[in-house]
Amino acid sequence: MYIYDAYDKQMLEDRITQFRDQTRRFLAGELSEEQFLPLRLQNGLYIQRLAPMLRVAIPYGCLSSVQLRKLASIARDYDKGYAHFSTRQNIQYNWPVLEQVPELLAELADVEMHAIQTSGNCIRNTTTDQFAGVAVGEIEDSRPWCEIIRQWSTFHPEFAYLPRKFKIAVCGTPNDQAATQVHDIGLYIKKNAEGEIGFQVLVGGGLGRTPVIGAQICDFLPWKHLLTYLDAIMRVYNRFGRRDNKYKARIKILVKAIGADAFREKVEAEWQHDKDGQATLTEEEVNRCKGFFADPDYEEHIDKDASVETHAGTDLLFSHWLERNVTNHKKPGYRIVTLCLKETGVATGDLTDGQMDFVANLADKFSFGEVRVTHVQNLVLTDVRLKDLYELFQACKQESLATPYVGLLNDMVCCPGGDFCSLANAKSIPIAESIQRRFEDFERQKNIGDITLNISGCMNACGHHHVGNIGILGVDKKGAEFYQVTLGGSADRQTAIGKVLGPSFAQEDMPDVIEKIIDVYLNNREDGENFLNTYKRIGIEPYKESVYASAD
Amino acid sequence: MPALIKDGTISENTWHLISKDTDLSEAIENRGNQIMVHISLWQEHKDELAASSKNIAVWLDSDDDAYDLASDVGDLPLIAVNFPVFKDGRSFSNAAILRQRMSFKGELRAIGDVLRDQMFYMKKCGINSFELSDAIDAEEALAAFTDFADNYQSTVEDPAPLFRRR
Ligand code: SF4
């Protein structure tokens, strides 16, 4: 993990001092509500339906056990004993008191954490694939590059008052679990014929009201130009992005309006000035950052372990868990374990302070003291020895963290929705729960197989509904909560935006609707085809017919 | 005249801001000796303005393009960039462009809705004078320049990013 040096620490301390003073001036009436707004937002603080909400950054999803314990103690001391893992590798507290926030931030700083730029019209937390550094077949570990981008984007003086929020994702894995193509900037790490590292650069992806897949503006950007090129993109966006209409202010609208080619030309023209300038990355800096993400001390010669098979033979739940939650690792003898936070009846992504402490202990015992957070709201232990799997599984079971659902229907993504979020059109948590109850039976889920179901409580699409194989969007119909369904979305290297099925449904009908959609799939699938591929083959019509025919 | 901070000290503000809709004769008749005219008036009446007895500076609104001043920067003692509302961040880029791309060496002033809490970033983008609204205590605002001890990026003020200095 990256470790702060004196410079990083100083900057964080300066920020806390600054925000303490800003809060004081606001409470003293020296700063207006309007003036304080962007300042508190850039420190992660929203005013929500019930109380302020504080969003803490988990840079590119990496946490140490020490940091996770701190997040737990903050949930205990400043909140109601739980917190919510969001779809952007952040964590959110729903009940802090404004007056205490500077104190809370100071506690976070003790463990090198912060809430900087987690909201507001600025560059947000850079995200990546949760398997970075351990994935089989990885092109290059994205974490050092994310850290380089984190530093570049933190307190960037020119880009703190952008037209709108700005999100960057970096991916160096073959599968892309970072939804890279629906970010304002998506960076795929590549190697050229000479084996040199570079980036394929996509711009203008995004969800929200107008879902768009990013357009490529550079096929191979040599690594040393990363920051100068990003500066050029940001400058073009800062100057030409629309500011007259909040809903048309994201970079995707600019790229659409002038076209990807014209956008590229503007970026290139701007970039020519700074290319090879002082902001050009040095080998020394890249190596410094890479040094923080070197492999831990893996044991050798532990690739075989009979105990796993023995236990799998006798413990059915364990064998399910092995199948769904355990992924191969680049190092023989090790496995990546995903802890699914989707226990039915618990709001998706919520974790209690006790569970956080518990996971921190697991990380210390089984995975070199590190935890990853995924954008589909699960936690990951990246470096578990084969021989420890059963012990880990049993421990997880006791804390309701052994749900063997990963990648199945009940592993759904769900935003906080109308229960917490002031922007919501409809609740999302109860929808998730009612569907989970309907499909509770594991064998049934297993039979359905790989599928993603994403739920958002409004157009802002925090639940990434457009890119779920099944997407559910809460809409407001004359004051009543309704739900629109989309099909065929995906967020991997073949990203697709889902298509609207038809008129929206009442809350109580949702489990039936999903069940009908699943039945169409099961009745039509051909040998081993997953949900998405059947949909691609047969199109949306059969689903429409089934769902709306019987709804009459 | 609004209070002014220039090069880190509270200074006398001697420049008169001429609003966008003012025409040439009105601008020249302004009592002040030093006037800041909008870029559109400057572009249209460069010669007349230069021939007048006034000292002329130019101001850019946030939707103006700093590159349009490319051929003039050498002659201008002062360029101002306007922040119509503090949320409008375009003038940060215009300021940086004037310094980096056009090597503008004169006074670069922030005018409009200038917040104390933005002054640190403004300074990093090459702005060296700040016109403050009455609501801001200039003495207190001076502290803004020390909000942060350092920054990661390559900026107008420190072209070498932190990674080259660490
Ligand atoms: S999608 Fe809408 S309801 Fe859900 S968290 Fe985002 S803003 Fe709130």
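Everything that follows concerns the structure shown earlier in this document.
Residues numbered from 1 in each chain as written. Chains lettered and ligands numbered in written order. Predicted model: local features only at pLDDT ≥ 70, side-chain atom pairs only at ≥ 80, totals over all residues. Heavy atoms only, no water.

1. With respect to the side chain of Ser-64 of chain A
All names here are of chain A.
For step 1, the next point in the chain: Its location among the elements puts Ser-64 in strand β3 (residues 62-64).
For step 2, the next point in the chain: Residue Ser-64 is classed as buried on the basis of its relative accessible area of 17%.
For step 3, the next point in the chain: Contact partners of Ser-64, with chain neighbours within four places excluded, come to Met-1 and Gly-369. (Helix = DSSP H or I, 4+ residues; strand = E, 2+ residues; numbered from the N terminus. Buried < 20%, exposed > 50% of the residue type's maximum accessible area, 1.4 Å probe, protein only. Contact = heavy atoms within 4.5 Å.)

2. Some details on the sheet that holds strand β1 (residues 45-47) of chain A
All names here are of chain A.
For step 1, the next point in the chain: Reading across the sheet, the five strands line up as β1-β2-β5-β4-β13 and stay open at both edges, with antiparallel pairing between neighbours. The open sheet is flanked by β1 and β13 (350-352), the only strands paired with a single partner. Mean inter-strand twist for the sheet, computed between neighbouring axes without regard to direction, equals 30°.
For step 2, the next point in the chain: In this structure, β1 lies alongside strand β2 (residues 52-57), joined through three bridges in antiparallel fashion. In the sheet register, Leu-45 faces β2, and the bridge partner there is Leu-54.
For step 3, the next point in the chain: On top of the sheet, helix α12 (residues 353-366) reaches β4 (82-85), β5 (90-93) and β13; it is set at about 85° to β13, its chief contact. (Pairing = 2+ DSSP bridges. Axes fitted to C-alpha atoms, helices over the stretch in contact; angles between N-to-C directions.)

3. Section: the sheet that holds β3 of chain A
Residue and element names in this part refer to chain A.
For step 1, the next point in the chain: With antiparallel pairing, the five strands of this open sheet are ordered in space as β3-β14-β15-β12-β11. The outermost strands of the open sheet, each flanked by one partner alone, are β3 and β11 (326-328). Between one strand axis and the next, the sheet turns through 30° on average, direction left out of account.
For step 2, the next point in the chain: For β3 and strand β14 (residues 370-373), the ladder comprises three bridges, and the chain directions are antiparallel. Its bridge partner lying in β14, Leu-63 is registered against Val-371.

4. Some remarks on the nonpolar core
For step 1, the next point in the chain: The biggest cluster of nonpolar side chains holds 159 residues, and the ones touching the most others in it are Val-201 of chain A together with Leu-98 of chain B.
For step 2, the next point in the chain: Among all residues touching Val-201 of chain A, those that are not within four sequence positions of it are Ile-185, Gly-186, Leu-187, Ala-215, Gln-216, Ile-217, Cys-218, Leu-221, Tyr-229 and Ile-233 of chain A.
For step 3, the next point in the chain: Counting 36 residues, the second-largest nonpolar core is a separate cluster that includes Ile-429, Ile-472, Ile-517 and Ile-540 of chain A. (Core = buried A, V, L, I, M, F, W, Y, C linked by side-chain atoms within 4.5 Å.)

5. Quick look at the pattern of salt bridges
For step 1, the next point in the chain: As enumerated under the stated definition, the model contains 55 salt bridges over all chains in all.
For step 2, the next point in the chain: Close ionic contact of Glu-30 of chain A with Arg-24 of chain A constitutes a salt bridge, the shortest N to O distance being 3.8 Å.
For step 3, the next point in the chain: Taking relative accessible area as the criterion, Arg-24 of chain A reaches 43% and is therefore assigned partly exposed.
For step 4, the next point in the chain: A salt bridge links Lys-446 of chain A to Glu-323 of chain A; the shortest N-O distance between them is 3.6 Å. On the criterion of sequence distance, the pair formed by Lys-446 of chain A in helix α15 (residues 442-448) and Glu-323 of chain A in helix α11 (residues 316-325) is long-range, its members being 123 residues apart.
For step 5, the next point in the chain: Accessibility expressed as a relative area gives 31% for Lys-446 of chain A, which makes it partly exposed.
For step 6, the next point in the chain: When its relative accessible area of 46% is taken as the criterion, Glu-323 of chain A is described as partly exposed.
For step 7, the next point in the chain: Here the salt bridges share partners, and the residues they tie into one network are Asp-21, Arg-24, Arg-25 and Glu-30 of chain A together with Arg-116, Asp-117 and Asp-147 of chain B. (Salt bridge = Lys/Arg side-chain N within 4 Å of Asp/Glu carboxyl O.)

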